[in-house]
Amino acid sequence: PPGKPTLYGSVTRRGLSSDGVPDIVASEGFVVGEVTKKSILISCSHENVSTKFLAPYTSFCRIHQKSITCLDISSGGGLGVSTSTDGTMKIWQAANGEIRVRASGLDVLCCLFFPSGLVVLSGGMDAQLKICSAWEMRRFLCLYEHSLWFHAGILDTAIVDRGRNVLSCSRDGTARLWDCGKSACLGIIADCGSPINGIAVGTADDSLNLGTPEKPPSEREVGTEGKILLLAREDKKLQGVGLQSRQPVFLFVGSDAFNCCTFLSSTYILAGTQDGNIYQLDVRNTNAPIQVIHRSGAPVLSLLPYRDGFIASQGDGTCFIVQQDLDYVLDLTEADCDPVYKVASWEKEIYTCCRDGLVRRYQLSDL
């Protein structure tokens, strides 16, 4: 806990049982609980804390040759997409990592499946927002030429409802709404004057005043009513904006640059900072956070709602799950000290991508 001395200990494997389960013993002050082939539960007797360490079910090492910057899993769980500093974006079988489609010579930073699972949205340092088929990338279509609009790379994207409209944010401090059918920008949702590192769109609580549009929205806007857009800003601010109204809803100042944000519900949101803080806020009153979670000083790089909790990844290789129905934190292991850039999930499977170039797949069916 912050402000208290760190407690150090060790665990040692003394051997294996006949069915392959390791025999684990902990040093003084720590207690070994349930042990399986893939997990170890450790408790600390000095503090009321427990952690279950989970090893990946499998690791895919042949998808990319260098650091993997982003990944996503399709809505049906069958396909994965990932981008890498090796200049490629690849679509692969989520079950075994077999590559289905690849595109090279790219400088892509972020990728995201449309809800259909048949189309991928991507953005990168080339200041272009692109859409391609998940089944054939031989004709990698550039849907939007951002060069005239953006003077810096696209850092994150989001999809509105089924995907007739999409959102992007950039280092130039703008978040924009796009019409896929017309390949046109429908407007600037926010111009912050500071890089926007991450965005998230969600349905707002009915009691929240989202503001009124200054002019009637375009007939090409679909699904923007009643939505709020979160902006994780480099200038230490987390901002909420009415998606249809373009009006500010709240502005929260954190301890450092915000890297990522997400919705837990229509009321509660999460945002992670460069100095390792995870803020949980109520959008109806953002004057003070509900709680601040701090496990290390490493940057919080990714946040993902999961069941009745969330998954977070950090720049020191930490990746953990917090759930209300578990009396322990679940640590996803093996990244060591390499940053875990992104987390994606489908049902009881979780996928992570890392600077070490591996995609790791975890199964939570037994937990």
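Everything numeric in this text was worked out from a predicted model, so none of it was measured.

Here is what the cut-offs are and how they apply
Residues numbered from 1 in each chain as written. Predicted model: local features only at pLDDT ≥ 70, side-chain atom pairs only at ≥ 80, totals over all residues. Heavy atoms only, no water. Helix = DSSP H or I, 4+ residues; strand = E, 2+ residues; numbered from the N terminus. Rg over C-alpha atoms; globule rule 2.2 N^0.38 Å. Buried < 20%, exposed > 50% of the residue type's maximum accessible area, 1.4 Å probe, protein only. Contact = heavy atoms within 4.5 Å. Lys, Arg positive; Asp, Glu negative; His and termini not counted. Charge placed at Lys NZ, Arg CZ, Asp CG, Glu CD. Pairing = 2+ DSSP bridges. Axes fitted to C-alpha atoms, helices over the stretch in contact; angles between N-to-C directions. Salt bridge = Lys/Arg side-chain N within 4 Å of Asp/Glu carboxyl O. Core = buried A, V, L, I, M, F, W, Y, C linked by side-chain atoms within 4.5 Å. 1 Å grid on protein atoms, 1.4 Å probe; cavity = no way out; pocket = protein on both sides within 12 Å on 5 of 7 lines; lining within 4 Å. Points joined across faces, edges and corners; volume = space filled by probe spheres on them. Nonpolar A, V, L, I, M, F, W, Y, C, P; charged D, E, K, R; others polar. UniProt positions renumbered as here; feature names shortened; annotations may be inferred. Patch = residues over 30% accessible without salt bridge, like charges linked within 9 Å, V, L, I, M, F, W, Y side chains within 5 Å. Areas by Shrake-Rupley, 256 points an atom, 1.4 Å probe, with all protein chains shown as cover.

Check the secondary structure of the protein and you find zero helices and 33 strands. What you see for the protein is a C-alpha radius of gyration of 21 Å, in line with the 21 Å of a compact globule of 367 residues. Reported as C-alpha extents along the three principal axes, the dimensions of the protein are approximately 70 × 50 × 30 Å. Out of the 367 residues belonging to the protein, those deemed buried represent 50%. Sequence-distant contacts in the protein: of pairs separated by 6 or more residues, those separated by 24 or more amount to 43%. Within the protein, one finds 34 positive and 40 negative side-chain charges whose respective centroids are separated by 5 Å.

Our focus in this paragraph is the sheet that holds strand β26 (residues 291–294). If you trace the four strands from one edge of the open sheet to the other, you get β23-β24-β25-β26, paired in antiparallel fashion. Every interior strand has two partners, whereas the edge strands, β23 (258–263) and β26, have only one. Sheet twist, expressed as the average angle between the axes of neighbouring strands with direction ignored, equals 20 degrees. Of the strand pairs in this sheet, strand β24 (residues 268–273) and strand β25 (residues 277–282) are connected by five bridges, and their pairing is antiparallel. Bridge pairing in β25 places A271 opposite Y279.

In terms of burial, strand β9 (residues 88–93) is a largely internal element, five of the six residues being buried. Between strand β8 (residues 79–84) and β9, which pair antiparallel in sequence order, lie three residues; one of them, G87, sits at a positive phi of approximately 80 degrees. Relative to strand β10 (residues 99–104), β9 is paired through five bridges, and the arrangement is antiparallel. By the bridge assignment, M89 is partnered in β10 with A103. Following β9, the chain reverses through five residues before pairing antiparallel with β10; G97 in that reversal takes a positive phi of roughly 80 degrees.

Time to look at the pattern of salt bridges. Counted according to the given criterion, the structure contains twelve salt bridges. In this structure, R361 engages E349 in a salt bridge whose closest nitrogen and oxygen atoms are separated by 2.7 Å. With R361 in strand β33 (residues 359–363) and E349 in strand β32 (residues 349–354), this pair connects stretches of sequence that are twelve residues apart. Its relative accessible area of 9% is what places R361 among the buried residues. Residue E349 is classed as buried on the basis of its relative accessible area of 14%.

Another point: the environment of V253. Note on placement: V253 falls in strand β22 (residues 248–253). Take V253: its relative accessible area is 53%, and that puts it in the exposed class. Residues in contact with V253, not counting those within four places in the same chain, are K236 and K237.

Right, let's talk about the nonpolar core for a bit. One recurring pattern in soluble globular proteins is that nonpolar side chains are buried together. Counting residues in hydrophobic clusters, the biggest one holds 24 residues, and the most contacted among them are V81, M89, I91, F114, V120, L121 and V166. Contributions of two or more residues to this core are made by β8, β9, β10, β11 (108–113), β12 (119–124), β13 (128–133) and β15 (154–160). Considering each element in turn, this core owes the most residues, four residues, to β11. In this structure, A200, A204, F263 and Y279 belong to the second largest nonpolar core, which totals 18 residues.

In this structure, the second largest pocket encloses a volume near 1400 Å³. Residue lining of the second largest pocket: 48 residues in total, with C70, D156, T157, I199 and K342 positioned closest to the centre. A total of seven residues in the lining of the second largest pocket trace back to one element, the largest contributor, which is strand β19 (residues 196–203). Among the residues making up the lining of the second largest pocket, the classes are represented as 28 nonpolar, 13 polar and seven charged.

Moving on to the sheet that holds strand β21 (residues 237–242). Spatially, four strands are ordered β19-β20-β21-β22 in an open sheet, and the strand pairing comes out antiparallel. A single partner strand is all that each edge strand has here, and the edge strands are β19 and β22. Direction aside, the axes of adjacent strands within the sheet are offset by 15 degrees on average. Pairing of strand β20 (residues 227–233) with β21, which is carried by five bridges, proceeds in the antiparallel orientation. Bridge pairing in β21 places I228 opposite G242.

This brings us to the UniProt feature "repeat: WD" (unreviewed entry) in the protein. The positions UniProt marks with the feature "repeat: WD" (unreviewed entry) are residues 61–102. Between the C-alpha atoms that bound residues 61–102 the distance is 16 Å, and the span itself is 0% helix and 52% strand.

Next up on the list: a nonpolar patch on the surface. Nonpolar side chains collect at one region of the surface, where L264, Y268 and I290 lie side by side and expose about 240 Å² of accessible area between them. Tracing the backbone shows L264 in the loop between β23 and β24. Residue classification places L264 among the partly exposed positions, given a relative accessible area of 30%.

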